Amino acid sequence: MESNSGLGERRLAWQNSGVGSGSFFDGFSGLWGLNHNGRTARDSSLASRVAHHEVMSNSVIHTLVLNAVTTAVGTGLTLASRPRAAALGLSPEVARELSDRIESLWQEYAGSPLEVDASGRQDMHALAAAAYRSYLLSGEVLAVLDFKDTPGARTKTKLCLLDADQLDRGYTRTEGDISFTNGVGFRNGRVVAYAIRELPLGAPNGAAAQTKIVAAYTSFGRQKVIHLFSAEDPRAVRGVSALIGSLTSSKEASTLAEYELGKALLHSSVAWTITSDAPAQAAFDALSIDDAKSGIPAQQNLGEWATLKTDFYSKAKIKPDVGSVFHLLPSDKLELHESRAPNDTFDAFDKSLMRKAAKAAGTSWEDLSGDFSQTSFSASRLATALPHEITLKRRKEIVERLYKAVFDCWLEEMVALGAIELPHGAPDFYEAKSAWCSARFLGKGRVSPDELKTANAQIRRLEAGLATMTEIASEEGRDFEAHIETLLAEKAFLESKGLEHPFFSAQQLRKVKAA
């Protein structure tokens, strides 16, 4: 065991050596030097352009994006409204009744393109999927929360999803007390405004985009601009594509496949040749006779004889069709030449590149390839464990925050309109906004390769007290309280029809067996 003094001596020696001195780091000023826009600022724009190009032409990138959007968003997130009863002075029953009202109205709003989308085309869940796709390719989500009248709509809160490039990267300047960097304005280190290139939908090609300064929040705290990205760099003001680590491997896999296809096409080609047994001039002399009835006139040279053969075979129409019988001149034969160069390393090399791409993108090779033929139940659980955690992390950072921003503005409007009435004696909405807006957005859980084994494991965890029913329901993407209420409603309906509910029947059977 080494003493502390020894460690201190080595530490001091390192500091005094060329390795630990400033001279060692001088050559790395570009790497270690502080970047005011974050270390990824230089690469984010290029990575975004490459990712957008590859997703249209590279099947690996396209599959990564499709799978990631499906697992993180799917058909949409479910609201679990949870006003903080204790902070608001509400009883659990009153809080639950209010939650049901909020969830019911939110479901109507989120499912209506007319209500939620500024362009009136997509519902909230489709917008969330598009936003997450933007995050994967561009590294960030940009949207504006409008408050405007729309014919036929009940609400004014509208989400306008923008292209991330509309946040003007070239807008770096100081205006008054706001310092703009890559289109993001800061005052005393806090985001207060954005420089957004205004380009309405339907504008003609070539129309000039005017940069407009938009405040991040209204004077009374209502959010106006949503700008989301993963905080990979503490100084970053813009995001970088989540697929940046997989772009090279994906391109290599695509290039490998193209060359392999070219080689396969070459291997599928054949060449046909006609070979004569006789030597050129000797055969010609042997065949030469002065007989006008047959043979080759002696006065003809070899070139003329070749021309005669060409004329013959042009009329013979030798084609390599199936079941063809060829008629050749005497002593001639037809030969087939094939390219023979099989390569058994392609599959292993391709899998290696795809594994690298999948790992860098935060997924598994099995999910990317769709091949589970060589994967056992335990192996598949292990293979998808970390990717599922990555999906949950990104869902929380991007998708849930998008839903929550829209939900907060929508709930504020619903309370102002009187569509949602706050309980008598409770604090005003603006006095306890965070307590009123307390909510969770639940997404689908990961797919299990064996539902029975997963269910048995969940039951054992519950029986051992290692998990709660709320946790189990959340893992499945369901709200526990809403689930129980649905079970009770089903039980009442089935009993009214003279039928039994399977769950409650099983519970009764267990009690009988235990007695």
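Since the model is a prediction, treat every value here as computed from it, not as a measurement. Residue numbers run consecutively from 1 along every chain, following the written order of its sequence. Confidence filtering applies because this is a predicted model: local features only for residues at pLDDT of at least 70, side-chain atom pairs given and counted only at 80 or more, and all residues used for totals across whole chains, interfaces and linings. Remark: hydrogens and water are excluded; side-chain values derive from all non-hydrogen atoms of the structure.

Engineer: Hey, could you go over the overall build of the protein for me, with residue numbers and the actual values?
Structural biologist: Only DSSP runs of H or I with at least four residues qualify as helices, and only runs of E with at least two residues qualify as strands; both kinds are numbered from the N terminus onward. For the protein, the helix and strand inventory stands at 20 helices and 12 strands. In this scheme, a residue with accessible area under 20% of its type's maximum is buried, one over 50% is exposed, and one in between is partly exposed, where area comes from a 1.4 Å probe on protein chains only. In the protein, which comprises 515 residues, the share counted as buried stands at 35%. Counting only carbon and sulfur atoms, one obtains 56% of the accessible surface of the protein, whose full area is about 31000 Å². Surface accessibility follows the Shrake-Rupley procedure with a 1.4 Å probe radius. Residue values consider only the protein chains on display as shielding.

Engineer: Which residues make up the pairing of strand β2 (residues 141-147), and what values go with them?
Structural biologist: Within β2, five of the seven residues are buried, which leaves it mostly tucked inside the rest of the structure. At least two DSSP bridges between two strands are required for those strands to pair. Two elements, β2 and strand β9 (residues 225-228), share four bridges in a ladder whose sense is antiparallel. Paired with V144 across the strands is V225, a residue of β9. Bridge count for β2 against strand β3 (residues 157-162) is six bridges, and the pairing is antiparallel. Opposite L145, over in β3, you have L159 as the bridge partner.

Engineer: Any details on the side chain of D479? Residues and values, ideally.
Structural biologist: Tracing the sequence through the fold places D479 in the loop between α18 (469-475) and α19 (480-496). Looking at D479, the relative accessible area reads 12%, which means it is buried. We call two residues contacting when some pair of their heavy atoms lies within 4.5 Å. With residues near it in sequence (within four places) discarded, D479 still touches A80, R82, E103 and L442.

Engineer: Residue-level account of the pattern of salt bridges, with values.
Structural biologist: Salt bridge criterion: a side-chain nitrogen from Lys or Arg within 4 Å of a carboxyl oxygen from Asp or Glu. In the structure shown here, the tally under the stated rule is 13 salt bridges. Between K251 and E54 there is a salt bridge; the shortest N-O distance is 3.9 Å. Residue K251 is found in helix α10 (residues 247-268), and its partner E54 is found in helix α4 (residues 41-57); the two are separated by 197 residues along the sequence. Since its relative accessible area comes to 40%, K251 is described here as partly exposed. Look at E54 and you get buried, because its relative accessible area is 7%. Between K404 and D408 there is a salt bridge; the shortest N-O distance is 2.8 Å.

Engineer: Lay out the sheet that holds strand β8 (residues 210-215) in plain terms, naming residues and giving numbers.
Structural biologist: Read from one edge of the open sheet, five strands run β4-β5-β6-β7-β8, paired in antiparallel fashion. Among the strands making up the open sheet, the edge pair consists of β4 (173-175) and β8. Taken over all neighbouring pairs, the strand axes of this sheet differ in orientation by 30° on average, direction set aside. Relative to strand β6 (residues 184-187), strand β5 (residues 178-181) runs antiparallel, the two being bridged by three bridges. Directly across from F180, in β6, lies its bridge partner G185. For helices, the fitted axis covers only the stretch in contact; all axes are lines through C-alpha atoms, and the angles between them, taken along N-to-C directions, range from 0 to 180 degrees.

Engineer: Tell me about the state of the cysteines, and please be specific about residues and values.
Structural biologist: What makes a disulfide is a covalent bond joining the sulfur atoms belonging to two cysteines. Note on terminology: disulfide denotes any pair of cysteine sulfur atoms within 2.5 Å. This model, assessed by the stated rule, comprises zero disulfides. Here C437 is not disulfide-linked; the sulfur of C409 is the nearest cysteine sulfur, at 8.7 Å. Note on C437: relative accessible area 1%, which makes it buried.

Engineer: Let's hear about the sheet that holds β9: which residues, and what values?
Structural biologist: Strand order in the open sheet formed by three strands is β3-β2-β9, and the pairing between neighbours is antiparallel. Each edge of the open sheet is held by one strand with a lone partner, namely β3 and β9. Averaged over neighbouring strand pairs, the angle between their axes works out to 20° when direction is ignored. Sitting on the sheet, helix α9 (residues 124-138) touches β2 and β3, and the angle it makes with β3 is about 30°.

Engineer: Account for the nonpolar core, with residues named and values stated.
Structural biologist: Nonpolar core, defined: a set of buried Ala, Val, Leu, Ile, Met, Phe, Trp, Tyr and Cys residues in which side-chain atoms within 4.5 Å join the residues together. Grouped together as the largest cluster of nonpolar side chains are 71 residues, with contacts concentrated most on W106, M124, Y132, L159, F407, W410 and L411. Per element, the largest residue contribution to this core is 12 residues, and it comes from helix α15 (residues 377-417). With near-sequence residues (within four places) excluded, L411 lies in contact with I102, I420, F429, W436 and C437. Listed in part, the 10 residues of the second largest apolar core include L142, V184, Y194 and V214.

Engineer: Which residues make up helix α13 (residues 346-361), and what values go with them?
Structural biologist: Taking 1.5 Å of rise per residue, 16 residues should cover 22 Å, and α13 covers 22 Å from first to last C-alpha, within 8% of that figure. Taken together, the buried positions of α13 are D350, L353, M354, A357, A358 and A361. For α13, the angular spread of buried residues about the axis comes to 135°, placing them on one side. With respect to the buried face of α13, the exposed residues turned more than 90 degrees away are A348 and K359. Of the residues flanking the end of α13, it is G362, one or two places downstream, whose phi is positive at about 85°. What a helix is expected to span follows from its residue count: subtract one and scale by 1.5 Å. It is the directions from the helix axis to the C-beta atoms whose arc is reported.

Engineer: Could you give me a rundown of the environment of L487, with the residues and numbers involved?
Structural biologist: Tracing the sequence through the fold places L487 in helix α19. With relative accessibility at 13%, the residue L487 sits in the buried group. L487 sits 17 residues away from F504 along the chain, and the two C-alpha atoms are 9.1 Å apart. In this view, L487 contacts H501, F503 and F504; residues no more than four positions away in its chain are not counted.

Engineer: Tell me about the confidence of the model for the protein, residues and numbers included.
Structural biologist: Known as pLDDT, the predictor's per-residue confidence is scaled from 0 to 100. Here the protein averages 80 in pLDDT, and 76% of its residues register 70 or above. The spread of mean pLDDT over the elements of the protein runs between helix α2 (residues 22-26), the lowest at 38, and β9, the highest at 97. Below a pLDDT of 50 lies the segment residues 1-34, which in the model reaches 17 contacts outside its immediate sequence neighbourhood of four places, other chains included. A low-confidence stretch, residues 291-296 (pLDDT under 50), is modelled with eight contacts involving residues beyond four sequence positions or located in other chains.

Engineer: Hey, could you go over the packing of helix α5 (residues 59-72) against α9 for me, with residue numbers and the actual values?
Structural biologist: Where α5 contacts α9, the axes come no closer than 10 Å and their chain directions differ by 135°. Considered as vectors, α5 and α9 are oriented oblique to each other. As α5 packs across α9, the resulting crossing turns out to be right-handed. Contacts from V65, A68, V69 and A72 of α5 reach α9 at A129, Y132, R133, L136 and L137. When an angle is under 35 degrees it counts as roughly parallel; over 145 it counts as roughly antiparallel; between 65 and 115 it counts as roughly perpendicular; any other value is oblique. In this scheme the crossing of two helices becomes right-handed for a clockwise turn of the near helix relative to the far one and left-handed for an anticlockwise turn of less than a right angle.

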